[in-house]
Amino acid sequence: MSCSRKLYVIFPAAGSGSRMHSDKNKLLMEVDGIAVIDRTLSAFKKFADEKDIDLYCVLVVSPGKIAEWEEYLDGKDYSSIICAITEGGDTRTKSVGNGVAVLEDYSPDDNDAVFIHDAARCLIDTDSISRCFDAICNDDICVCVSGVKTKNTIKMVKADTDESPLVESTPDRNLLYEVQTPQCFKYGVLTECYFEASAEGYEATDDTALAEHYGYDVRIVEGSYANIKITTPEDIAIAEALLKNMH
Ligand code: CTP
Ligand code: MG
């Protein structure tokens with residue numbers, strides 16, 4: 001069954017940016033003159049405008065910072081897409097869980113699409129967003145994640161690593177994907193996964209891993225190698241270099 005032309009997006013933005021080693025919130029750092037958060041939110045606004053989709057976004061920010069963020073977002077040309085700002089938790093899973101709880105106020109249908117997108121992935125392109133939206137809304141997929149084939153050879157090591165970890169195996173590179181965000185769900189599946197996870201205190205490194213844990217099929221939808229997460233200082237320079245190729 002296909003869903004409506006509505007898209008709900010939860011943006012986890014409540015991290016501390018510890019690996020950026022900066023006093024400034026990494027989401028407010030500029031990439032080629034535009035703040036990371038502005039780029040991220042503008043990309044989704046552009047997608048919604050191009051495809052005529054009603055967009056409902058929840059921004060999840062650090063505890064105590066809601067008023068600061070409201071002031072920052074006031075008057076931005078994308079501010080109309082933000083329907084709520086809520087406080088996050090000390091892990092990404094908890095932050096997303098708080099965002100999921102807020103969505104209930106907007107009464108989504110079980111088949112509506114909900115994306116979780118790292119605020120720090122500011123080079124997200126409208127084609128990647130669109131492929132994910134089509135997967136959830138037109139292809140009857142319940143859960144999917146944007147991803148790219150890994151370019152590197154990856155070694156699996158024994159769990160008890162020391163200074164020179166012992167290699168256990170070399171997985172076939174053709175079967176390895178690096179996943180990104182958006183991580184995408186039908187609303188009914190998302191709420192079930194987060195409800196179960198919070199009941200049993202289960203934490204996962206990414207959102208679709210929760211769905212795997214509860215037995216759902218998770219599909220990978222073609223993402224973009226440029227959809228990097230701004231994590232360490234050199235990522236700003238990498239993002240600026242990538243942008244030069246994107247226009
Ligand atoms: N995030 C969140 N709540 C947390 C941790 C992370 O909402 N408790 C968000 C971040 O704000 C970011 C996204 O999840 O947009 C991806 O996380 P990451 O890149 O790891 O950001 P930080 O956790 O802020 O950075 P670091 O791990 O270096 O401290
Ligand atoms: Mg983190």
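Residues numbered from 1 in each chain as written. Chains lettered and ligands numbered in written order. Predicted model: local features only at pLDDT ≥ 70, side-chain atom pairs only at ≥ 80, totals over all residues. Heavy atoms only, no water.

Trainee: Residues and numbers for the pattern of salt bridges, please.
Mentor: In the structure shown here, the tally under the stated rule is nine salt bridges. Of the charged contacts, one joins Asp-38 and Lys-76 as a salt bridge, the two residues approaching to 3.6 Å between their closest N and O atoms. With Asp-38 in helix α1 (residues 36–51) and Lys-76 in the loop between α2 (66–73) and β5 (82–87), this pair connects stretches of sequence that are 38 residues apart. Of the charged contacts, one joins Lys-45 and Asp-49 as a salt bridge, the two residues approaching to 2.9 Å between their closest N and O atoms. With a gap of four residues between them, Lys-45 and Asp-49 both fall in helix α1, about one helical turn apart. The network of salt bridges with shared partners includes Arg-92, Asp-118, Arg-121 and Asp-207. (Salt bridge = Lys/Arg side-chain N within 4 Å of Asp/Glu carboxyl O. Helix = DSSP H or I, 4+ residues; strand = E, 2+ residues; numbered from the N terminus.)

Trainee: How would you summarise the site of ligand 1 if you had to cite specific residues and measurements?
Mentor: Inspection of the region around ligand 1 gives 18 residues, with Pro-12, Gly-17, Ser-18, Ser-95 and Lys-229 positioned closest. In this structure, Pro-12 approaches ligand 1 through a main-chain N or O atom, which is 2.8 Å from an oxygen atom. Placement of ligand 1 is best described as lying within the largest pocket. Secondary-structure elements contributing two or more residues to the shell around ligand 1 are β1 (6–13) and α3 (92–103). Along the lines of polarity and charge, the residues of the shell around ligand 1 split into five nonpolar, seven polar and six charged. (Near = heavy atom within 4 Å. Polar contact = N/O pair within 3.5 Å; in protein donor to acceptor, adjacent residues only side chain to side chain. 1 Å grid on protein atoms, 1.4 Å probe; cavity = no way out; pocket = protein on both sides within 12 Å on 5 of 7 lines; lining within 4 Å. Sits in = over half its atoms within 2 Å of the grid points. Nonpolar A, V, L, I, M, F, W, Y, C, P; charged D, E, K, R; others polar.)

Trainee: Any chance you could break down the pairing of β5 for me, citing the residues and the numbers?
Mentor: Examined bridge by bridge, strand β4 (residues 54–61) and β5 share five bridges and lie parallel to one another. Across the sheet, Val-61 pairs through a bridge with Glu-87, a residue of β5. On the question of chirality, the crossover connecting β4 to the parallel β5 by way of α2 is right-handed. (Pairing = 2+ DSSP bridges. Right-handed = clockwise from strand over helix to strand, strands pointing away.)

Trainee: Outline the environment of Tyr-72, listing residues and values.
Mentor: Counting through the fold element by element, Tyr-72 comes out in helix α2. The class for Tyr-72 is partly exposed, based on a relative accessible area of 25%. Taking C-alpha positions, Tyr-72 is 9.8 Å from Leu-28, a pair spaced 44 residues apart along the chain. (Buried < 20%, exposed > 50% of the residue type's maximum accessible area, 1.4 Å probe, protein only.)

Trainee: Before we move on, can you summarise unusual backbone geometry with the specific residues and values?
Mentor: The amide bond that connects Thr-181 to the next residue, Pro-182, takes the cis arrangement and shows omega of 10 degrees. Within the secondary structure, Pro-182 is located in strand β10 (residues 177–186). A positive phi angle, close to 50 degrees, is found at His-21, a residue other than glycine. Structurally, His-21 can be placed in the loop between β1 and β2 (30–31). With a phi close to 45 degrees, Ser-107 is a non-glycine residue in the positive phi region. Along the chain, Ser-107 turns up in the loop between α3 and β6 (113–116).

Trainee: Account for the sheet that holds strand β7 (residues 143–149), with residues named and values stated.
Mentor: An order of β5-β4-β1-β6-β10-β7-β11 is seen for the seven strands of this open sheet, with the pairing classed as mixed. Of all the strands in the sheet, the pair left with one neighbour each is β5 and β11 (219–222). Sheet twist, expressed as the mean angle between neighbouring strand axes with direction ignored, is 25 degrees. For β6 and β10, the ladder comprises four bridges, and the chain directions are antiparallel. Considered in β10, the bridge of Ile-116 is made with Gln-183. Contacting β1, β4, β5, β6 and β10, α1 runs over the sheet at an angle of about 175 degrees to β1. (Axes fitted to C-alpha atoms, helices over the stretch in contact; angles between N-to-C directions. Contact = heavy atoms within 4.5 Å.)

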